[in-house]
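# Results of the structural survey
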Amino acid sequence: METLILGDVIVMLQEQLKNRPDLQKYLFIRGFLATDKKIENLNDFPFYGNWNETEKCGLYFYTHNKTSVHFASNKSVTLFLLGHCYDPFLMEIDEEKILADFLRDYGTDKYYDRISEITGVYVLGSIENGEIKFSVDPAGMQSACYGAIDGHFFLSSHPQLIGDICSLKMDDFVKELVNYKWYGRVMGPYLPADLSPFANVKRIIPSTEYTYDGEKLSHKRFWPLKPFEFAEGAEYDRVIEEAADILKKNMELISKKWEHPWISLTGGIDSNTTFAAANGMYDRFEAFSYISAEKEIRDAEAAAKIAKAFGVKHHIYNIPDNSNEISDYDLKVEIQRHNSGYIAERKPNESRKRFYLEENCGCDVEVKSWVSETIRGYWYKHFDRKKLPKLSPKLYRNLYKIFIFNRKLAHKVDKIFARYIKEFEYDKIPDCYPTADIHYNEVMWGSWGGLNISEMKFCFDLTFPYNNRKFLDILFRVPLEKRISDEHHLDMKKYLNKELYDMHIRVVNMKETDTRARLLNVIFTINQFLPY
């Protein structure tokens, strides 16, 4: 997309929104911005009077009306959290109390252990003597980016929001990539490494602490850095119980934190295990499924069977096949495109789903089971492999996209991942953490997942009981072959709800079929052997 055309598209969007206050609220919905540059007018584009301002220690926090920011301070430091969190180790749901507890350990190594115990979707940071530090949740479910532009610091949920404020233009390489015919394939559209649509704005990588000292930005990895031994026998059983107990505690906290938490339920093993973790609390939850494509019918039917067996109210939403049935569909799509920075064109059924659920779904938070795939050996299943090559730019490029017929672009992506692997200290990660799984957590989830979650927030807030660094660390101790086979997931489900386990309900994702995996493995192998 040419810059001039994109600029015209943005101008047209502004013109269309001028007289539509009912739709202005969707622009960067549930978003945030932290900056040392005061925004003088919050009534015009892109804020439209739907954002709040809070100043702390010279940093201005701008939050959408549906976004929360929390603080805790002592004499020397102020901690902040944009988004939400809860703590299954302290059984606490109040973010300010959690931050106050973090203050006790701030500045010590124990601080990193403590922040690894919370679950949620957030950016966590500190301000001390003018220095700003920040990090994102364990899998980057909170899409977040940062940059130092024209002498000012910016931290935001949406790169395009920074782009609007600073009049940035899309990076030439990003333009080339999003126009590549295979860009939307292999898990859908998203950018590699820590890229954003703009050259001077970068995505925040999970498990990395960033520092802005007023002049320059730096970052340092804090997980995973400690080797471990794999759990076998009785130790394996203990690991399963410990991880499952964290899930159960998270579900209890979710039921207390929100008035109307609904579990996004399918026949898949991830949401099955989430549902099992709510055992004994089914009166506090409802469940829902949707049908926006034929392949989702089996999932919805399986979900209805599960919910009925345990007396949980279940909603099935049949998403319209015709976009004309969605009010202001075309303008909402343009808002969606703008929110995503014009790097993620969506299929019409996906857009209709977002808009229809926003109008019709009655939950205030979706309990979603993403992040679970991090410890399910997803890439090994995807390519039907028991082993994957060692860490290299080529491996990460081949996990990212298919470039068989465009080696020039492949070479450019290799250079990006080479820089990324070096800067984010992948050489310090112990071998017991498979590099493909770390890629899935920090690149796939952080880039593709965070972008998708930002879009899903068009409907309602979302939370992920699996998005806890201690939980993930515990389950990495499960031997890889058990994680690939999902034995550990089934064992957690059995421990949490034996009756559900005995129902033997599991709908296999169409993307996980053996034939598809074998074909993808052929493509992956060819990619791996081709020069650069």
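All residue numbers refer to positions counted from 1 along the written sequence of the respective chain. Per-residue local features are limited, in this predicted model, to residues with pLDDT of at least 70; the limit for side-chain atom pairs, both in listing and counting, is 80 or more; totals at the level of whole chains, interfaces and linings are taken over all residues. Each side-chain value is derived from all of the structure's non-hydrogen atoms; neither hydrogens nor water enter the calculation.

### Focus: the overall build of the protein chain
Across its full length, the protein chain carries 20 helices and 17 strands. Our radius of gyration is a C-alpha quantity, and the globule rule it is checked against amounts to 2.2 Å times the number of residues to the power 0.38. The C-alpha atoms of the protein chain give a radius of gyration of 22 Å, which matches the 24 Å a tight globule of 532 residues would have. Sorting the 532 residues of the protein chain into buried and exposed places 62% on the buried side. Contacts were defined at the residue level, with two residues in contact if any of their heavy atoms lie within 4.5 Å. In the protein chain, once contacts between residues fewer than 6 apart in sequence are set aside, the share between residues at least 24 apart is 75%. For every accessible area listed, the method is Shrake-Rupley and the probe measures 1.4 Å; residues are considered covered only by the protein chains on display. Surface summary for the protein chain: the accessible area is close to 21,600 Å², and the carbon and sulfur share equals 49%. In this tally Asp and Glu are treated as negative and Lys and Arg as positive; neither His nor the chain ends contributes. In this description, the location of a charge corresponds to atom NZ of lysine, CZ of arginine, CG of aspartate or CD of glutamate. For the protein chain, the distance from the average site of its 72 positive side-chain charges to the average site of its 78 negative ones is 4 Å. Secondary structure elements follow DSSP: runs of H or I of four or more residues count as helices, runs of E of two or more count as strands, with numbering from the N terminus. Think of it in three bands: residues with accessible area under 20% of the maximum for their type are buried, residues over 50% are exposed, and the middle band is partly exposed, with areas taken using a 1.4 Å probe on protein chains only.

### Thoughts on helix α11 (residues 348–360)
The end-to-end C-alpha separation of α11 is 18 Å, in line with the 18 Å expected for 13 residues at 1.5 Å each. When α11 is considered as a whole, its buried residues turn out to be N349, S351, R352, K353, R354, F355 and L357. In this structure, the buried residues of α11 make contact with β14 (286–291), β15 (314–318), α10 (329–339) and α15 (435–456). Every helix has an expected span of 1.5 Å times one less than the residues it contains.

### Overview of the environment of C145
Counting through the fold element by element, C145 comes out in strand β8 (residues 145–149). Considered as a pair, C145 and K202 are 57 residues apart in the sequence and their alpha carbons are 5.4 Å apart. Beyond its immediate chain neighbours, meaning those up to four positions away, C145 contacts F154, L155, S156, H158, P159, I162, V201, K202, R203 and I204.

### A look at the nonpolar core
In this structure, W379 and Y420 are the most contacted members of the largest nonpolar core, which totals 179 residues. Every residue in contact with Y420, bar those within four places of it in the chain, is listed here: A193, D194, I205, Y396, Y426, E442 and V443. Counting nine residues, the second-largest nonpolar core is a separate cluster that includes W262, L357, C361 and F460. Grouping buried Ala, Val, Leu, Ile, Met, Phe, Trp, Tyr and Cys residues that are joined through side-chain atoms within 4.5 Å yields what is termed a nonpolar core.

### With respect to the packing of helix α7 (residues 233–257) against helix α18 (residues 487–496)
Here an angle of 0 to 180 degrees is reported between the N-to-C directions of two axes, which are lines fitted to C-alpha atoms, with helices fitted over the stretch in contact. It is at 9 Å that the axes of α7 and α18 come closest, and there the two elements cross at 65°. In this structure, α7 crosses over α18, and the sense of that crossing is right-handed. Along the contact surface, α7 presents Y236, I240, E241, A243, A244, D245, L247 and K248, while α18 presents E487, H488, D491, M492, Y495 and L496. A class-by-class count of the residues in the contact of α7 with α18 yields eight nonpolar, one polar and five charged. Note: crossing handedness is left-handed where the near helix turns anticlockwise from the far helix by less than a right angle, and right-handed where it turns clockwise. Ten residue types, Ala, Val, Leu, Ile, Met, Phe, Trp, Tyr, Cys and Pro, are classed as nonpolar, four, Asp, Glu, Lys and Arg, as charged, and the remainder, Gly among them, as polar.

### Topic: the layout of surface pockets
By rolling a water-sized probe across the atoms, one finds the places where empty space is left. When its volume is computed, the second largest pocket comes out at roughly 730 Å³. Buried and open spaces are told apart on a 1 Å grid over the protein atoms alone, a cavity being a set of points where a 1.4 Å probe fits but cannot get out and a pocket being an open set with protein on both sides within 12 Å along at least five of seven lines. Residues with an atom within 4 Å of a point are the lining residues. Along the wall of the second largest pocket there are 27 residues; nearest its centre are Y112, D113, F222, W223 and K226. Breaking the lining of the second largest pocket down by element, the ones donating at least two residues are α4 (110–115), β11 (208–212), β12 (217–221), α7 and α16 (469–475). Looking at the lining of the second largest pocket residue by residue, the classes come out as 10 nonpolar, four polar and 13 charged. Grid points are joined across faces, edges and corners, and a volume is the space filled by probe spheres set on the points.

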